Amino acid sequence: MLIRAEKESDRTAVCRINTAAFATPAEAALVETLRECVQPLISFVAEVDAAVVGHIMFSPVSVSADPRLRMMGLAPMAVAPAYQRQGIGSALVRAGLARCKALAFCAVVVLGHPEYYPRFGFLPASRFGLRCEYNVPDGVFMAMELEPGAFERCIHSGQRSVVKYHTAFSTV
Ligand SMILES: CC(C)(COP(=O)(O)OP(=O)(O)OC[C@H]1O[C@@H](n2cnc3c(N)ncnc32)[C@H](O)[C@@H]1OP(=O)(O)O)[C@@H](O)C(=O)NCCC(=O)NCCS
């Protein structure tokens, strides 16, 4: 398996993976919109036997308590159904987090399966004084500091700071 940055020629395969992995085409459409509207963007694919079988994206998010905090949101990610549970998703997450760190992002948030993301170091975002702009159950919104103390201002702000995604996420 090879994890690498997405190329222009991967777009069709990435769209196919997201469409197959999710219940609706919304995530595939979100990926297209983010590619066109958002910078910087981290987009990695997983290749097995020269075929693209997994995809992960990170885009910037902001937090009201600390507007200067450089933070990414992990979303969406998908592995083609026939290739799931073989470690491909984990490899994509780890490579993506390493890239976020290399680009000097201090923290990452994710809205997703509470059984899956803690293995990479994500904790409930409420522990850092954060809440999602969307009305979601507490455990599904998670956060991780890439730089120790990144959320210090949020923790001490006295009230939960709202994390905001790009407006394109409101369509999912
Ligand atoms: C979530 C997803 C990306 C994981 O990719 P993957 O390549 O299957 O993941 P890995 O092989 O690295 O890890 C497998 C582990 O993830 C767990 N897992 C997979 N899907 C899960 C889910 N929906 N909820 C909870 N855990 C899940 C498995 O139980 C397995 O756990 P184990 O290692 O303890 O057995 C993939 O299942 C997928 O594309 N799902 C559909 C789209 C989706 O839900 N994307 C994430 C949105 S938050």
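## Observations regarding the pairing of strand 5 (residues 107-111)
With four of its five residues buried, strand 5 lies for the most part within the structure. Handedness of the strand 4 (residues 71-79)-helix 3 (residues 88-102)-strand 5 crossover: right-handed. Direction of pairing for strand 5 relative to strand 8 (residues 141-145): antiparallel, over a ladder of five bridges. Across the sheet, the residue bridging to Ala107 is Glu145, located in strand 8.

## Some thoughts on the site of the ligand
Taken together, 19 residues are adjacent to the ligand, and Val79, Arg85, Gly87, Gly89 and Ser90 come closest. Between the ligand and Gln84 there is a distance of 3.3 Å, counted from an oxygen atom to a side-chain nitrogen or oxygen. Backbone polar atom of Gln86 to an oxygen atom of the ligand: 3.1 Å apart, as the coordinates give it. The fraction of the free accessible surface of the ligand (870 Å²) that becomes covered by protein chains is 73%.

## Regarding helix 3
Given a rise of 1.5 Å per residue, 15 residues ought to cover 21 Å, and the 21 Å separating the end C-alpha atoms of helix 3 matches this to within 8%. Among all positions of helix 3, only Ile88, Gly89, Ser90, Leu92, Val93, Gly96, Leu97 and Cys100 are buried. Summarising the contacts, the buried residues of helix 3 are in contact with strand 1 (2-5), strand 2 (42-48), strand 3 (51-63), strand 4, strand 5 and strand 8. Positive phi appears at Ala104, one or two residues downstream of helix 3, with a value of about 70 degrees.

Conventions adopted
Residues numbered from 1 in each chain as written. Predicted model: local features only at pLDDT ≥ 70, side-chain atom pairs only at ≥ 80, totals over all residues. Heavy atoms only, no water. Buried < 20%, exposed > 50% of the residue type's maximum accessible area, 1.4 Å probe, protein only. Helix = DSSP H or I, 4+ residues; strand = E, 2+ residues; numbered from the N terminus. Right-handed = clockwise from strand over helix to strand, strands pointing away. Pairing = 2+ DSSP bridges. Near = heavy atom within 4 Å. Polar contact = N/O pair within 3.5 Å; in protein donor to acceptor, adjacent residues only side chain to side chain. Areas by Shrake-Rupley, 256 points an atom, 1.4 Å probe, with all protein chains shown as cover. Expected span 1.5 Å × (residues − 1). Contact = heavy atoms within 4.5 Å.

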